[in-house]
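Residue-level listing of the chains:
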Amino acid sequence: MHNPFRTEEEAFKFVWLTILYSALIVAGSFINVWVGLGVFVAETALIAWWVFARGRRERPIPHAPPPHPEGERRILVVANETVGGGALLDEIRRRSEGVNEHVLVVVPALNSPLRTWTSDEDGAREAAQQRLEASLSSMRAFGIEARGEVGDSDPLQAIEDAMRTFAPDELIISTHPPERSHWLERGVVAGARERFALPVTHVVVDLQNPN
Amino acid sequence: MSAAAEAHGHGPAHGPGDANLHPPPIHYSSRIAPTIVGIFLFIGSEIMLFGSFFTVYFFDRVVNNTHPWPPVGPNGVQFERPWFVALVNTCILVTSSFTMHWATVSVKRNNRAGLQAGMVLTILLGLTFLLTQVIEYHRLGYNTADTSFAATFFGLTGLHGCHVFIGLVILTVMCIRAFRGHFSPEHHHGIEVGGIYWHFVDVMWIVVYVTVYIL
């Protein structure tokens, strides 16, 4: 939800919206009490709809990474359970050939909404950390040097957070196959393509059928 | 003794149990920055505070169900709601939002004279609002003990008056800082936060005015 008191300028605009909102109710009330009540209900419903619709649509401005030294390539890999999958490792190695690659692996600390809102994140972060460490070991065994971090429980937010500090040239998102992937169901890959101004590669890793 | 000392972090700073001697590092994402959570909590608590007063007001109005509203007082005369004076006061407060916004825009443009003038004008307008309200209280002819309507009327308008007073204290501090050369186009968080509070006070007054004086 958009906070109308985030800046002084927005709060100032909110004052005018409140005046308009109140003036319409008062005008309706002068006609009839029930008209005033109807205006109040209609306005409130309209605002509620607008706030929630805008809240879903609200996207940060897409940002491109700053220039790096010649020959350097920064690859941001976002994956959860599939981070150690062979298809993903192949893709990373293919993309790092012939360049001085820097790979950052971000594992979102997936959590239930209730636990997220109550800040009960310790278990989720611990589990994500264990998956990350196992994945980094797999990568090293595969000849890929990477570093990693645990990210936000929302994969898109985790990507955005990593982009601020890592400034990648490209993004690789690894998911389960479509029939088993929650991320695909939630539109994480499509959302990343819409939100971030950099090449996004989607890698499907089928852990149940590695071949 | 040893166990207690270690539990409080005074024990030796090495060994396998070190992780238990210190709190874990704080984790938070940019999605829920502490400042945003803070302002949300503040606004939430204010809405609940004003909401409780509005609930009492509407409860009283619905339960009494008297026509016309407001009801007749103990002396047989209908309570007066000085809507015109309050309207003038509303205009004063809305104007103070303008001057506050002017002060904020001025500091962003490195216009110190504009910042100082905006702050002084905002304080003067806020003081005018508060003084007008106090004078009006004296002129009304009824008090909090005269029926539940009077109690809720003074409760709501008085609660808002307290917020204006707190706002004026904040504005005065901001103004002193502005005259002492604080704030710049890059660093004016104090002005920004004070301005947000002042606009919030303005928004609440509009709701109070419409509810108590007009409807």
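What you see as residue numbers is a count from 1 along each chain, following the sequence as written. Labels follow written order: the first chain is A, the first ligand is 1, and so on. Residue-level local features of this predicted model are given only where pLDDT is at least 70; pairs of side-chain atoms are given and counted only at 80 or more, and the full residue set underlies all totals for whole chains, interfaces and linings. Side-chain numbers come from the whole structure's heavy atoms, not from hydrogens or water.

Caption draft 1: The arrangement of the packing of aromatic side chains in detail. The pairing test for Phe, Tyr and Trp rings, Trp by its six-membered ring, is centres within 6.5 Å, and the orientation test on the planes gives stacked under 30 degrees, edge-to-face over 60, and tilted for anything in between. Throughout the structure, instances matching the rule amount to 20 aromatic pairs over all chains. Ring geometry for Phe42(B) versus Tyr197(B): centroids 6.0 Å apart, planes at 45 degrees, classification tilted. Note that Phe42(B) is positioned in helix α2 (residues 34-64) and Tyr197(B) in helix α6 (residues 189-214), a separation of 155 residues in sequence. Plain terms: the ring middles of Phe79(B) and Tyr142(B) are 4.6 Å apart, the flat faces sit at 70 degrees to each other, and that makes the pair edge-to-face. In this pair, Phe79(B) sits in the loop between α2 and α3 (83-108) while Tyr142(B) sits in the loop between α4 (112-140) and α5 (147-179), placing the two residues 63 residues apart along the sequence. Of the two residues, Phe79(B) and Tyr142(B), neither departs from the other in class, the shared state being buried. Ring pairing ties together the aromatic residues Phe79(B), Phe129(B), Tyr137(B), Tyr142(B), Phe149(B), Phe153(B), Phe154(B), Trp205(B), Tyr209(B) and Tyr213(B), which thus form one cluster. The ring of Phe166(A) carries the charged tip of Arg74(A) above its face, separated from the ring centre by 5.8 Å. Numbering of helices and strands runs from the N terminus, with a helix taken as a DSSP run of H or I at least four residues long and a strand as a DSSP run of E at least two residues long. With a 1.4 Å probe rolled over the protein chains alone, any residue whose accessible area is under 20% of its type maximum counts as buried; one over 50% counts as exposed, and the rest are partly exposed. Here, a charge over a ring is recorded when the distance from Lys NZ or Arg CZ to the ring centre is within 6 Å and its angle to the ring normal is within 35 degrees.

Caption draft 2: A look at the packing of α3(B) against α4(B). All names here are of chain B. Axis separation between α3 and α4 bottoms out at 8 Å; the angle between their running directions is 160 degrees. Accordingly, the angle class assigned to the pair α3 and α4 is roughly antiparallel. The chirality of how α3 crosses α4 is left-handed. Note on residue classes: Ala, Val, Leu, Ile, Met, Phe, Trp, Tyr, Cys and Pro are nonpolar, Asp, Glu, Lys and Arg are charged, and everything else, Gly too, is polar. Among the residues forming the contact of α3 with α4, the class breakdown is 13 nonpolar, 11 polar and 1 charged. Helix axes are fitted only over the stretch in contact, all axes being lines through C-alpha atoms; the angle between N-to-C directions runs from 0 to 180 degrees. When an angle is under 35 degrees it counts as roughly parallel; over 145 it counts as roughly antiparallel; between 65 and 115 it counts as roughly perpendicular; any other value is oblique. By the definition used in this description, the sense in which the near helix is turned from the far one sets the handedness, with an anticlockwise turn below a right angle giving left-handed and a clockwise turn giving right-handed.

Caption draft 3: Summary view of the pattern of salt bridges. Residues and elements named next belong to chain A. Whenever a carboxyl oxygen of Asp or Glu lies within 4 Å of a side-chain nitrogen of Lys or Arg, that contact is scored as a salt bridge. For the structure on display, the rule yields 9 salt bridges over all chains. Its salt-bridge partner being Glu91, residue Arg94 comes within 2.8 Å of it at the nearest N-O pair. Of this pair, Arg94 and Glu91 both sit in helix α3 (residues 86-95), separated by 3 residues, roughly a single helical turn. The exposure class of Glu91 is buried, given its relative accessible area of 14%. A salt bridge links Glu160 to Arg195; the nearest nitrogen and oxygen atoms lie 2.5 Å apart. Taken as a pair, Glu160 in helix α6 (residues 155-166) and Arg195 in helix α8 (residues 188-195) lie far apart in primary sequence, 35 residues in all. For Glu160, a relative accessible area of 5% gives the class buried. Residues joined in a network through salt bridges with shared partners are Arg73, Glu91, Arg94, Arg95 and Glu170.

Caption draft 4: Examining the interface of chain B and chain A more closely. Between two residues, a contact is recorded if the distance between any of their heavy atoms is within 4.5 Å. The partner chain A presents 28 residues to the 27 residues of chain B that form the contact. When two parts are put together, the accessible area they lose, computed with a 1.4 Å probe and summed over both, is reported as buried area. The junction of chain B with chain A conceals about 2,300 Å² of combined surface from both sides, 72% of it contributed by carbon and sulfur atoms. Counting every contact that joins chain B to chain A gives 0 salt bridges. Here a polar contact means two N or O atoms within 3.5 Å. Within protein one must be a hydrogen donor candidate and the other an acceptor candidate, and residues neighboring in sequence count only if both atoms are side-chain atoms. Joining chain B to chain A, the criterion identifies 3 residue pairs in polar contact (both at pLDDT 80 or more). If one sorts the elements of the side of chain B that touches chain A by residue count, α6(B) sits on top with 11 residues.

Caption draft 5: Broad picture of the sheet that holds strand β4 (residues 170-175) of chain A. Residues and elements named next belong to chain A. Pairing in this open sheet of 5 strands is parallel, and the strands run β3-β2-β1-β4-β5 from one edge to the other. Taken across any chain shown, the strands that pair with only one partner, and hence form the sheet edges, are β3 (146-151) and β5 (200-204). On average, each strand axis in the sheet is inclined to that of its neighbour by 20 degrees, with strand direction left out of account. A strand pair is defined by DSSP finding two or more bridges across the two strands. Relative to β3, strand β2 (residues 100-108) runs parallel, the two sharing 6 bridges. In the strand pairing of β3, Val106 is matched with Glu149. Seen against the sheet, helix α5 (residues 122-141) touches β2 and β3 and runs at an angle of roughly 165 degrees to β3.

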